[in-house]
Amino acid sequence: MGASADRRNGFRRWHVPPTDVRIVTSDGQSIPAHSTVLASSSSVLERMLDRSRILHILGVPHDSVVAFVRLLYSSRSTTSAREAREEMERHGMALLALSHAYRVRWLKRRCEAGLAAWLSAARAIDVLKLARLCDAPRLHQRCLRLVAEDFAAVQESEGWRFVQKHDPSLELEVLQFLQETAQRRKRWKRERADQAMYRQLSEAMDCLQHICTEGCTDVGPHNSRRPDNPCMSFNTCEGLQLHIRHFATCGRKLQEAGKTCTHCKRMWQLFRLHSSLCDQPASCRIPLCKQFKEKMQEEKVDKTWRLLAKKVAIARVMSSLANREVPQAVHKSWMRCRGRR
Ligand SMILES: [Zn+2]
Ligand SMILES: [Zn+2]
Ligand SMILES: [Zn+2]
């Protein structure tokens, strides 16, 4: 088809200038290229082109250099997800090394994201080493996290065996990360257990309040059942009622420390905790509230107890926030929002 035919069809054939650079790869093969494309893509290549029109890109397979040059030509233009995935699977590591060495930032970001997305236990250590060399902190963290998640599989990989034999510093880094992760998990677990305990105590404080003031069941002083408004913390409430009944009749509740029965001891602590949180001791109907308040004013309360009371108070606020009623307007707009999805 001639130029006039192209014009008639509404197309214009672009004139492609001849290539003026030769890229030589590790196996001696050449890739023809245009200096303008290479120089505009990479400042490193631009400086190399000032010295010579034959560039040596070594250390990675020929195919990977071809993929690198092809990407420089396509620049930021979008490739399909399938193409991108194939490119990353075949050349991802080499492309990361090349984009780092030749300072092609957009390609480096794409490689980091691609390698992180398709990371596997078998490749994790190799990619980790590369991420270290190429100054790719996010990819480095992603690799370490995967190693921690699936260390059993990583241990089977060729990469890990190599590190154990030849790279003690990386082995130490990985093992330290594993230890820190285990400690962090342990801490989180402990904190979660503590939070559950504070929530339980805050629930117990609420139940104590309504047992003794409103008469949640036959335990409270007013004995007014509330069939229209049943207690939402039935288990806690029931347990507390049993403890209160026991406390009222137990003959060992007033014995000196060490001899008090455990149920009574627990009840003493709950009454004391209530008193620490109560802001109306004068009119309060919870047993011993006033007495504990006076005792606390006379004697200095220890730090651990103060901290416990503070944590329970916070848990109480949090649970009241979580249980508050959502205003009608907010509820309606939320339902509208869900309907639009
Ligand atoms: Zn109750
Ligand atoms: Zn007892
Ligand atoms: Zn009170």
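Everything below is about the structure shown above.
The shown structure was predicted, so the numbers you read here are calculated from the model rather than taken from an experiment.

**Looking at the coordination of the zinc ion (ligand 3)**
The coordination sphere of the zinc ion (ligand 3) contains the protein donors His274 (NE2), Cys278 (SG), Cys284 (SG) and Cys289 (SG), at a distance range of 2.0 to 2.4 Å. If you look at the zinc ion (ligand 3), its four donor atoms make angles of 98 to 117 degrees with each other, and the shape they trace is tetrahedral.

**Considering the pairing of strand β1 (residues 21-25)**
Buried residues dominate β1, accounting for four of its five residues. In this antiparallel pair of consecutive strands, β1 and strand β2 (residues 30-33), the connection spans four residues, and glycine 28 shows a positive phi of 90 degrees.

**Observations regarding unusual backbone geometry**
You will see that arginine 103, though not glycine, has its phi angle at about 55 degrees, which is positive. Structurally, arginine 103 can be placed in the loop between α5 (81-101) and α6 (105-117). Even without being a glycine, aspartate 135 presents a positive backbone phi close to 55 degrees. Position of aspartate 135 among the secondary structure elements: in the loop between α7 (124-133) and α8 (137-149). The exposure class assigned to aspartate 135 is exposed, which follows from its relative accessible area of 55%.

**Looking at the environment of phenylalanine 162**
Following the sequence through the fold, phenylalanine 162 ends up in helix α10 (residues 158-166). Along the primary structure phenylalanine 162 and aspartate 126 are separated by 36 residues, whereas in three dimensions their C-alpha atoms are 9.6 Å apart. Excluding residues within four positions of it along the chain, phenylalanine 162 makes contact with Lys129 and Asp167.

**Here's the deal with the packing of α7 against α8**
α8 packs onto α7 with a crossing angle of 155 degrees between their chain directions and a minimal axis gap of 8 Å. Regarding the angle of α7 to α8, the classification is roughly antiparallel. Viewed along their axes, α7 and α8 form a crossing whose handedness is left-handed. Here Ala124, Ile125, Val127, Leu128, Ala131 and Arg132 of α7 come into contact with α8, specifically with Leu139, His140, Cys143, Leu144, Leu146 and Val147.

Rules used in this analysis
Residues numbered from 1 in each chain as written. Chains lettered and ligands numbered in written order. Predicted model: local features only at pLDDT ≥ 70, side-chain atom pairs only at ≥ 80, totals over all residues. Heavy atoms only, no water. Donors = N, O, S within 2.8 Å, 3.2 Å for Na, K, Ca; no water. Tetrahedral: all angles 85-135°; square planar, octahedral: opposite > 155°, others 65-115°. Buried < 20%, exposed > 50% of the residue type's maximum accessible area, 1.4 Å probe, protein only. Helix = DSSP H or I, 4+ residues; strand = E, 2+ residues; numbered from the N terminus. Pairing = 2+ DSSP bridges. Contact = heavy atoms within 4.5 Å. Axes fitted to C-alpha atoms, helices over the stretch in contact; angles between N-to-C directions. Parallel < 35°, antiparallel > 145°, perpendicular 65-115°, else oblique. Left-handed = near helix turned anticlockwise from the far one by under 90°.

Take it as geometry only, folks, not as evidence of what the structure does.
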